[in-house]
Amino acid sequence: MAVADAPVPKLQARAADCAERLLEADSVLLASHIDADGLTSAAVAATALERAGLPFEVVFEKQLDADALAALAGREYETVLFTDFGSGQLDIIADHEAAGDFTPVIADHHQPAEATTDYHLNPLLEGIDGASELSGAGAAYLLARALASASNADERLDNRDLAALAVVGAVGDMQASGGQLQGANEDIVAEGVDAGVLTETKDLAVYGKQTRPLPKLLEYASDVRLPGITNDERGAISFLDDLDVDCRADGDWKRWVDLTDSEKQTVASGLVQYAVNRGVPAYKIERLVGTSYVLNEEEPGTELRDASEFSTLLNATARYERADVGLAVCLGDRKEALDRARELLSNHRRNLSEGIEWVEEHGVTKTDHLQWFNAGDEIRETIVGIIAGMSMGADGVSRDRPIIAFAEKGDEETKVSARGTGPLVGRGLDLSVVMGEAARAVGGDGGGHDVAAGATIPAGNEAEFVDHADEIVADQLG
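All values derive from a computational prediction rather than experimental measurement.

1. A few points about the sheet that holds strand 1 (residues 28-32)
So, step 1. Across the sheet, which stays open at both edges, the five strands sit in the order 2-1-3-4-5 with parallel pairing between neighbours. The open sheet has two free edges, formed respectively by strand 2 (56-60) and strand 5 (120-121), since each of these has just one partner strand.
So, step 2. Both strand 4 (residues 103-107) and strand 5 contribute to a ladder of two bridges, which runs parallel. Counted as the bridge partner of Ile106 is His120 from strand 5.
So, step 3. In this fold helix 4 (residues 90-98) packs onto strand 3 (79-83), strand 4 and strand 5, with an angle of close to 150° to the strand it touches most, strand 4.

Here's what the structure looks like:
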């Protein structure tokens, strides 16, 4: 297999250079972020390193700051592979490289700092959007394909099977929020389909098709709010009972995955007609159908079968200091690790529900160009961004302006998370710039993507941060 066979031609040379450098190492320290994209990035990279015969150790970091990088340098690995972060911290990493602490190899998709390094795989460096066209797991996948080529691995281990995890990472990074994966992600999907590990299909665009009973599936479907069904259990049951579909089996509600194709079509058509009758705008009704990514090698009816549910399961591990559990699931543990992940998922769902209720109860404060809330210690700082995004469109929370969320991060720091929407990004919103500039103005730092970003600032500077952020958003949106 040649490098030219790999996907995303613009990044092949960078991927090849990174792979060659890794193969020169005696051992590798693999450092990755803690969200779903970071976990899948680590799993893809770890599998590729193992197949290439390279000894390695995996560590996870919630935030890659100066202290975390100093700790990584203290492990005295000659080569450190960063996945799903590193680009934004390249200025500090470059100082460690210059000091001879380690040689960095970076596979990331976040906005790069101005410093440079020889082994840097990032779509933004080649004009590919890292927020919507290639995730951290996607970058790790390109590196994995290049490693397989450079190490002359058995063709059966060309690493195309890792496309499934790369897709889970991209979906978890909200890169399918427009209905399906785009750009370089599409190339990875195509390889996964060709390798037999993925199925790409048009389906109802709601979360939980593998695991949720039908009434809960519809009740909790909030991307397109249907009056009388969304957040209304009785309404969802009444809708299903009125359909010419047997939605129960042995007295229990079926799941979406249990329905035949014909039954699915009937339910979907019924939802569309229901939405039309209640005046839901056509552009929102179109969002009821989207692209689903099914992992063919996982058991039907489980969280791992659907890329969206898989990514949520992973978020439920690392964001609660159990990245080891999420990584083990990604690497194939379907016993102890999966059981523990499901326990964490149950806890995660409860925390998300309580967090959204908190936002709805306390409301948001609206400025001229954004909206914000400060959860203090009421919401974990590791999930406040997820809750901010899920809250958009809820009662009192608008989708026509970005939302900023604050949560306590120790006694001296505050975590800031920001979420936007595709239409806002289309108008010029770039939350990576907003978070970075506003944070630095108050003595902190931040970054991320145009549609989702984060920062850490000194506690007590929230109001000043909002003022700066509001001005920047005003400039961006004209």
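2. A closer look at the pairing of strand 13 (residues 413-419)
So, step 1. With six of its seven residues buried, strand 13 lies for the most part within the structure.
So, step 2. Connecting the antiparallel pair strand 12 (residues 403-409) and strand 13 is a turn made up of three residues, with Gly410 showing a positive phi of about 80°.
So, step 3. With seven bridges joining them, strand 13 and strand 15 (residues 452-458) adopt antiparallel strand pairing. Bridge pairing links Ser417 to Gly454 in strand 15.

3. Remarks on unusual backbone geometry
So, step 1. Of note, Asn159 is a non-glycine position whose phi angle comes to about 75°, a positive value.
So, step 2. Structurally, Asn159 is set in the loop between helix 5 (136-150) and helix 6 (163-172).

4. A word on a negative patch on the surface
So, step 1. Where like charges cluster on the molecular surface, the negative patch consists of Asp377, Glu378, Glu408, Asp411, Glu412 and Glu413.
So, step 2. Mapped onto the secondary structure, Glu413 falls in strand 13.
So, step 3. Exposure remark for Glu413: the relative accessible area of 37% places this residue in the partly exposed category.

5. Regarding the UniProt feature "domain: DHHA1" (unreviewed entry) in the chain
So, step 1. Taken from the UniProt record, the annotation "domain: DHHA1" (unreviewed entry) applies to residues 378-474.
So, step 2. From the first C-alpha to the last, residues 378-474 spans 30 Å; its make-up is 38% helix and 26% strand.

6. Here we look at the domain arrangement of the chain
So, step 1. The domains assigned to the chain are domain 1 (9-198), domain 2 (206-287) and domain 3 (363-477).
So, step 2. With centres defined by C-alpha atoms, the gap from domain 1 to domain 2 works out at 38 Å.

7. Some remarks on helix 10 (residues 261-277)
Residues separated by three or four positions in an α-helix point in the same direction, a consequence of the helix having 3.6 residues per turn.
So, step 1. With 17 residues, helix 10 should reach 24 Å at 1.5 Å per residue; the first-to-last C-alpha distance of 24 Å fits that figure.
So, step 2. The inward-facing, buried residues of helix 10 abut strand 6 (198-204), helix 8 (214-219), helix 9 (233-241) and helix 11 (282-285).
So, step 3. Backbone geometry just downstream of helix 10 places Gly279 in the positive-phi region, at approximately 75°.

8. As for the nonpolar core
So, step 1. In terms of nonpolar packing, the biggest core is built from 88 residues, with Leu22, Leu81, Leu143, Val167, Phe310, Phe373 and Ile379 touching the most fellow members.
So, step 2. Apart from the residues lying within four places of it in its own chain, the contact partners of Ile379 are Gly355, Trp358, Val359, Phe373, Val384, Ile387 and Ala407.
So, step 3. Grouped together as the second largest cluster of nonpolar side chains are 25 residues, Trp256, Ala268, Ile285 and Leu288 included.

Rules and cut-offs
Residues numbered from 1 in each chain as written. Predicted model: local features only at pLDDT ≥ 70, side-chain atom pairs only at ≥ 80, totals over all residues. Heavy atoms only, no water. Pairing = 2+ DSSP bridges. Helix = DSSP H or I, 4+ residues; strand = E, 2+ residues; numbered from the N terminus. Contact = heavy atoms within 4.5 Å. Axes fitted to C-alpha atoms, helices over the stretch in contact; angles between N-to-C directions. Buried < 20%, exposed > 50% of the residue type's maximum accessible area, 1.4 Å probe, protein only. Patch = residues over 30% accessible without salt bridge, like charges linked within 9 Å, V, L, I, M, F, W, Y side chains within 5 Å. Areas by Shrake-Rupley, 256 points an atom, 1.4 Å probe, with all protein chains shown as cover. Salt bridge = Lys/Arg side-chain N within 4 Å of Asp/Glu carboxyl O. Lys, Arg positive; Asp, Glu negative; His and termini not counted. Charge placed at Lys NZ, Arg CZ, Asp CG, Glu CD. UniProt positions renumbered as here; feature names shortened; annotations may be inferred. Domains from an automatic or database assignment. Expected span 1.5 Å × (residues − 1). Core = buried A, V, L, I, M, F, W, Y, C linked by side-chain atoms within 4.5 Å.

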